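Each chain, written out:
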Amino acid sequence: MTWHVLGIGSLGSLWAMRLARAGLPVHLLLRDPQRLAAYHQAGGLTLVEQGQAQRLELPAETLDAPTPIQRLLVACKAYDAEAAVAALLPRLAPGAELVLLQNGLGSQDAVAARAPQARCILASSTEGAFRDGDFRVVFAGHGFTWLGDPHATAAPSWLDELERAGIPHGWTPDILSRLWRKLALNCAINPLTVLNDCRNGGLVEHPAQVQQLCAELAELLQLCGQPAAAEGLHDEVGRVIQATAANYSSMYQDVAAKRRTEIGYLLGYACAAAERHRLVLPHLQALLRRLQGHLAERGLPLD
Ligand code: NAP
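Residues numbered from 1 in each chain as written. Predicted model: local features only at pLDDT ≥ 70, side-chain atom pairs only at ≥ 80, totals over all residues. Heavy atoms only, no water.

## Looking at the sheet that holds strand S5 (residues 60-62)
Spelled out, the test is: Being paired, for any two strands, means DSSP has found at least two bridges between them. Counting from the N terminus, the helices are the DSSP runs of H or I reaching at least four residues and the strands are the DSSP runs of E reaching at least two. Axis geometry follows a simple rule: fit a line to the C-alpha atoms, using only the stretch in contact for helices, then measure angles between N-to-C directions, giving values from 0 to 180 degrees. Contact criterion: two residues are considered in contact whenever any of their non-hydrogen atoms come within 4.5 Å of each other.
Here 8 strands make up an open sheet; going across it, the order is S5-S2-S1-S6-S7-S8-S11-S12 and the pairing mixed. This sheet does not close on itself; its edge strands, each paired only once, are S5 and strand S12 (169-171). The mean inter-strand angle of the sheet, taken between neighbouring strand axes irrespective of direction, is 25°. The strands touched by helix H3 (residues 78-88) are strand S1 (3-6), strand S2 (26-30), strand S6 (69-74) and strand S7 (92-100); relative to S6, the strand with the most contacts, the crossing angle is about 165°.

This is the structure we're talking about:
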C-alpha cells in the first residue's frame, strides 16, 4: 500500500524519508507543476540527521494525478489542511485512511467533514523538524507520536510499518485528550513567549501569568469533557518551561520569521470553545486579544 504524503514541508518530509528508507512505497503530492519542477530541480528530498545529509528522489506527482489514494498522510499546516484535502477528494478511494499530523484542534473536524467517506486518524507529535532549504529538512528533536481515532478503537493494520520505519509511536484510545493537553500546554507557553519576547525559559520571570492561564485552561478542559488533560497541567507547564528553557517556541519562531501562526487552532480554538460553553476566562481571552494585536501590528493573519 502506497503512502501518499501531502505537505512536503518539515514533518511531511521527515515521515516520507523514514518510510521510504524502510523500503515502503511513498508518493509525494506537490501543489502544482511549479513545485513539482522545483522538487526535481532540487534532485529530491534531503534529510539532515546529526549533521549527515541524505538525499532521496522519491516519486512525486501533482494533486491532480489520476491514481487513487488509499492511505494519505496530511502534513500541511492546520490552516491549509482542509483545502489541500478537498483538492484530493476525487482521488480518495472508498475506505481511504487519512493520518492528520496537524497541531491544535479544529482542522481535524474540518477535514473529516470534507471527506466523510474516509477514516481519519489523528496524530499528536513531539518530534521536531525544520526546513533549512527548499526540500531540505533537519531532524531537530526526537520525540513520540500518539495516534488514535476518536470514532473507533481498533488500530489500523499499518502500525508495524511505522515500527519498521523507526517512527516512535503509540496507539491511544484517547487521542483527543492528548491533543487537548498539547493545545493547553501551547496556550500556556507560546503566546507569552511572543508577547514577552523571550525564550521558553524566560517565562520563569512571569509565574503569575502562567499560573492564571493554567487555572483557566484546566477549567476549560474540565468543561469540554477532558478532565484527564486538565490534571497536573500547571506542573507539566513548569516542567516543559524548564526542559525547553533555551528554545524559542514555534509561535515565537513563526512571528519572528513573519510566517502565519496556527493561533486559530490553538489559543483561538480554546477561546472559541470557552465562548461556546459561555465560560468567562478573562486571562485567556485577554491573551488572545493581545496576541491578535501583536500579529495585526506585523501584518500577520489573526486566525
Ligand atoms: P511546513 O514545514 O510549513 O510544511 C507544510 C507543507 O504543506 C509545505 O511544504 C506546503 O507547501 C504544504 N502545503 C500547504 N498547502 C498545500 C496544498 N494545497 N497542496 C500541497 N501542499 C501544500 O509545516 P510543518 O512544520 O511540517 O507542520 C505541519 C503540521 O505539523 C503543523 O500543524 C505543525 O504544527 C505540526 N507539527 C510540526 C512539527 C515540526 O517540528 N515541524 C512538530 C509537531 C507538529 P509549500 O512548500 O509549497 O509551501
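## Focus on the side chain of Asp254
Among the secondary structure elements, Asp254 is positioned in helix H10 (residues 250-256). Those residues in contact with Asp254, other than ones at most four positions away along the chain, are Lys77, Arg259, Arg260 and Thr261.

## Topic: the packing of helix H6 (residues 175-195) against helix H12 (residues 282-297)
A pair of packed helices can be characterised by two numbers: the angle between their axes and the separation between those axes. To keep things clear, this is the line we draw: Roughly parallel covers angles under 35 degrees, roughly antiparallel covers those over 145, roughly perpendicular covers 65 to 115, and oblique covers all other angles. Crossing handedness: left-handed means the near helix sits turned counterclockwise from the far one by under a right angle, and right-handed means the same turn made clockwise. In this count, Pro and Cys sit with the nonpolar residues alongside Ala, Val, Leu, Ile, Met, Phe, Trp and Tyr, while Asp, Glu, Lys and Arg are called charged and the others, Gly among them, polar.
Their axes nearest at 10 Å, the elements H6 and H12 cross at an angle of 40°. In this view, H6 runs oblique relative to H12, as classed from their interaxial angle. Judged by the sense of rotation from one axis to the other, the crossing of H6 with H12 is left-handed. In this structure, H6 uses Cys187, Pro191, Leu192, Val194 and Leu195 to contact H12, whose residues at the interface are Leu287, Arg290, Leu291 and His294. The residue inventory of the contact of H6 with H12, partitioned by class, reads 7 nonpolar, 1 polar and 1 charged.

## As for the domain arrangement of the protein
For clarity, the threshold we go by: Reported domain spans reflect what an automatic or database domain assignment gives. A quick way to say it: buried area is the sum, across both parts, of accessible area lost when two parts are put together, with a 1.4 Å probe.
Partitioning the protein into structural domains gives domain 1 (3-172) and domain 2 (177-297). Here domain 1 and domain 2 have C-alpha centroids that lie 26 Å from each other. With 16 residues of domain 1 at the contact, the number on the domain 2 side is 13 residues. Buried area between domain 1 and domain 2, summed over both chains or domains, comes out near 1,500 Å², and the portion from carbon and sulfur atoms is 60%.

## Things to note about the packing of H6 against helix H9 (residues 233-243)
One can describe the packing of H6 onto H9 by two numbers: an axis separation of 10 Å at closest approach and a directional angle of 65°. Regarding H6 and H9, the two cross each other, and that crossing is right-handed. Contacts between H6 and H9 involve Arg181, Ala184, Leu185, Ala188 and Ile189 from the first element and Leu233, Glu236, Val237, Val240 and Ile241 from the second. The class makeup of the residues in the contact of H6 with H9 is 8 nonpolar, no polar and 2 charged.

## Examining the UniProt feature "domain: Ketopantoate reductase C-terminal" (unreviewed entry) in the protein
For the record, the criterion: UniProt positions are given in the numbering used here, feature names are shortened, and annotations may be inferred rather than shown by experiment.
Here the UniProt-annotated "domain: Ketopantoate reductase C-terminal" (unreviewed entry) positions come out as residues 174-292. Counted over residues 174-292, helix gives 68% and strand 0%. Its end C-alpha atoms are 31 Å apart.

## Digging into the pairing of strand S8 (residues 119-125)
Here is the key point about a regular strand: its side chains alternate between the two faces of the sheet. Heads up, the condition is: Relative accessibility thresholds used throughout: buried, under 20% of the residue-type maximum; exposed, over 50%; partly exposed, between the two (1.4 Å probe, protein chains only).
Counting buried residues in S8 gives 6 out of 7 residues, a clear majority hidden from the surface. Two elements, S7 and S8, share 4 bridges in a ladder whose sense is parallel. Pairing of Val99 across the sheet is with Ile121, part of S8. Taken together, the 4 bridges between S8 and strand S11 (residues 145-148) define a ladder with antiparallel strand orientation.

## As for the side chain of Glu97
Applicable threshold: As used in this structure description, the phrase polar contact means that two N or O atoms lie within 3.5 Å; if the pair is within protein, one of them must be able to donate a hydrogen and the other to accept it, and residues adjacent in sequence are counted only when both atoms belong to side chains.
For Glu97, the position within the fold is in strand S7. Looking at Glu97, its side chain comes within polar contact range of the side chain of Trp158, at 2.9 Å. Setting aside residues up to four positions removed in sequence, Glu97 forms contacts with Gln70, Arg71, Leu72, Arg119, Ile121, Pro156 and Trp158.

## Describing the UniProt feature "domain: Ketopantoate reductase N-terminal" (unreviewed entry) in the protein
Under the present numbering, the feature "domain: Ketopantoate reductase N-terminal" (unreviewed entry) in UniProt falls on residues 3-149. Within the segment residues 3-149, helix and strand shares are 27% and 41% respectively, and the terminal C-alpha atoms sit 18 Å apart.

## Some details on the pattern of salt bridges
How we decide: A side-chain nitrogen of Lys or Arg and a carboxyl oxygen of Asp or Glu constitute a salt bridge if their distance falls within 4 Å.
As enumerated under the stated definition, the model contains 13 salt bridges in all. The partner of Glu61 in a salt bridge is Arg91, and the shortest N-O contact between them spans 2.5 Å. Note that Glu61 is positioned in strand S5 and Arg91 in the loop between H3 and S7, a separation of 30 residues in sequence. Taken individually, Glu61 and Arg91 each receive the classification buried, so the pair is uniform in this respect. Shared partners join several salt bridges into a network, and the residues in it are Glu97, Arg119 and Asp149.

## Here we look at the packing of aromatic side chains
Each aromatic ring pair is specified by the distance between its two centres and by the angle formed by the two planes. Applicable threshold: Between rings of Phe, Tyr and Trp, where Trp is taken as its six-membered ring, a pair exists when centres lie within 6.5 Å; planes separated by under 30 degrees are stacked, by over 60 edge-to-face, and by other angles tilted. When the NZ atom of lysine or the CZ atom of arginine is within 6 Å of a ring's centre and also within 35 degrees of its normal, the charge is said to sit over that ring.
Evaluated as defined, the whole model comprises 5 aromatic pairs. An angle of 75° between the planes, with centres 5.2 Å apart, marks the rings of Trp3 and Trp158 as edge-to-face. Here Trp158 lies in the loop between S11 and helix H5 (159-164) and Trp3 lies in strand S1, a separation of 155 residues in the sequence. Across the pair, exposure class does not vary: Trp3 and Trp158 are buried alike. Between Tyr248 and Tyr252, the ring centres sit 4.4 Å apart and the planes meet at 20°, which makes this aromatic pair stacked. For Arg71, the ring lying beneath its charged end belongs to Trp3, and the centroid distance is 4.8 Å. The residue whose ring lies beneath Arg260 is Tyr79, and the NZ or CZ to ring-centre distance is 4.1 Å.

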